[in-house]
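Take a look at the letters that make up each chain.
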Amino acid sequence: YQRRVRGASMFSKGVALRQVLKRASLIQARCLADGWRSDVEEVKAIALGDDPPFSTIVDYYFNKAAPYAEDAIRGSIKARMPTEIRDRLVSGVLSDLKPCNSVLSLSFPLRRDNGEIVTVHGYRAQHSQHRTPCKGGMRFSDEVQEDEVKALAKLMTYKCAVCDVPFGGAKAGIKIEPRDFSDMELEKITRRFTVELAKKGFLGPGIDVPAPDMGTGEREMSWMADTYKNTIGVCDLNSHACVTGKPIVMGGIHGRTSATGRGVYHSTNIFVEDPEYMEMVGLVPGLSGKTCILQGFGNVGLHTARYFHRAGAKIIGVIEWDGTIYNPSGIDPKALEDWKLEHGTIRGFPGATATDEDLLEGECDILLPCAKEKVITEENAHKIKARVIAEGANGP
C-alpha cells in the first residue's frame, strides 16, 4: 500500500487502500475456505522432520484422519442447505477441533524444607469443551512442557470421541522430578497448583476434572480434592468430583488403579484372539505362551504385566528409567512389584539379569510401551522385532 500511494492524490490513495483491503479479505476468505487443510503441508514437513514437536505429530495424524471424518460429518447433516455452505460448515468444524481452546501456563514459588525458594512451572490445556467436563490426567515430570500438555489434551479428546465417552480432552503437568522433592514439598506444590487451576476456571465438577498420570496417584488426587473442597468448592456438595482416581475413602472406585493396564490387556487380547490378524503377523491366536517386553513399570506397566501374566504370557524383559532387566524364562510381575516397593528400583531384582541391551529392539512377540511418548521413532522403528505393539502410553 505504501509503495502504491507515494505521491498520489487523496482520491487515488483511497482507491489503492480499498484494493489492498479487498485483496487481503480474499486471502483471508481463501484461508477460511481451506479450513483444516490450510496447514497440511507445513504440518507434514515438520512432523516428518527431525525430532518434531509432539503436538505437531498429533496434528499430522489428525490431518490424515480428517478426510474420512469429513465425509461422515457431511452425511450426518440433515438440514437442507446448499452444498457449498455444507462443505464450509464441515470444514469449519474440523478446523475448530485442531487447536486447544485454552492453555494455562503458570509459575509459583515454593519454599523447600531447607529454606531454599524455587520456582515451579505448571500447565493445563483444555482442548475441547464440545462435551463437558474436560477430562485428562495430571503428571509430575521434569520433561513436562506446554507443547506436550497440548498434545496429550488433543489425544484425550480423540480417545473419548472414539469410545463415545462424554468428555472433552484436557491435560495438566508440573515440571518437577518428584523423586527430588519430599512428601511435604509435593503436597505444597499440589495444593498450590490446585488453587491456581480453580481460580482460573481450570478445575471443578462439570468444568475440568483431572486424574492421576505419570508421577501422580491417589495421594495427589486426595490433596487436590481436599484443597478444592476447602477453597473454591466450599459450598459445592459434589466438590470431591473435581478429580477422579481418589482413594476409596474419599469417593474413589474399586478398580480405578488398575483400569489402564486392564484396558491394554483387553484391547490386545481382542486382536491376539483373532485368527486373521495373527495369521498376518505369523503367530498363533491367544496370549498363552506369547513373549512380551515391557517398557515402564509404573502404574500402567505393572498392571499390564499382571494381566498378561495371568493370561499365560511371559514378560521376558522390563525397561525402566534407571535400568533394564531380562529373563527369557519370564519375570513374575508380583515379585518384581514387591522388590521395587522395598528397594525403589527394579535394579538388582534376583528374578532377572541386568542388561545394557536396548530391549525395545529385542526379540519378542508383543512389545508393550507403557512409559512415555515418542519412544518409537524413525531411527528405531525398523529395528523393532516384535510382531505386535500394544500401546499403553500416550503416543509412544
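Notes on the structure follow. (Residues numbered from 1 in each chain as written. Predicted model: local features only at pLDDT ≥ 70, side-chain atom pairs only at ≥ 80, totals over all residues. Heavy atoms only, no water.)

1. Focus: the sheet that holds strand β2 (residues 117-126)
Hydrogen bonds between backbone groups are what pair the strands of a sheet, and the pairing can be parallel or antiparallel.
Argument step 1. With mixed pairing, the five strands of this open sheet are ordered in space as β1-β2-β4-β3-β5. Sheet topology places β1 (102-111) and β5 (208-212) at the edges, where each strand pairs with a single neighbour. Taking the axes of each pair of neighbouring strands and ignoring which way they run, one obtains an average angle of 20° across the sheet.
Argument step 2. Pairing of β1 with β2 involves 10 bridges; the strand directions are antiparallel. Paired with Ser-105 across the two strands is Tyr-123, which belongs to β2.
Argument step 3. The sheet contacts of helix α6 (residues 146-162) involve β1, β2, β3 (134-140) and β4 (168-174), and relative to β4 the element is tilted by about 150°.
Argument step 4. Contacts between helix α8 (residues 218-229) and the sheet are confined to β3 and β5, with β5 contributing the most and set at about 155° to the helix. (Pairing = 2+ DSSP bridges. Helix = DSSP H or I, 4+ residues; strand = E, 2+ residues; numbered from the N terminus. Axes fitted to C-alpha atoms, helices over the stretch in contact; angles between N-to-C directions. Contact = heavy atoms within 4.5 Å.)

2. A short note on the pattern of salt bridges
Argument step 1. Using the criterion set out here, one finds 28 salt bridges in the structure.
Argument step 2. Across the pair Asp-208 and Arg-124 runs a salt bridge whose closest N-O atoms are separated by 2.4 Å. One end of the pair, Asp-208, is in strand β5; the other, Arg-124, is in strand β2, and 84 residues separate them in sequence. In this pair, the class of Asp-208 matches that of Arg-124, namely buried.
Argument step 3. Across the pair Glu-143 and Lys-372 runs a salt bridge, and its minimum N-O distance is 3.3 Å. Here the residue Glu-143 occupies a position in the loop between β3 and α6, and Lys-372 occupies one in the loop between β10 (366-369) and β11 (388-389), the gap between them amounting to 229 residues.
Argument step 4. On the basis of relative accessibility, which here comes to 41%, the residue Glu-143 falls in the partly exposed class.
Argument step 5. The partly exposed category is assigned to Lys-372, whose relative accessible area is 33%.
Argument step 6. One continuous salt-bridge network, built from bridges that share partners, spans Arg-37, Glu-70, Asp-71, Arg-74 and Asp-87. (Salt bridge = Lys/Arg side-chain N within 4 Å of Asp/Glu carboxyl O. Buried < 20%, exposed > 50% of the residue type's maximum accessible area, 1.4 Å probe, protein only.)

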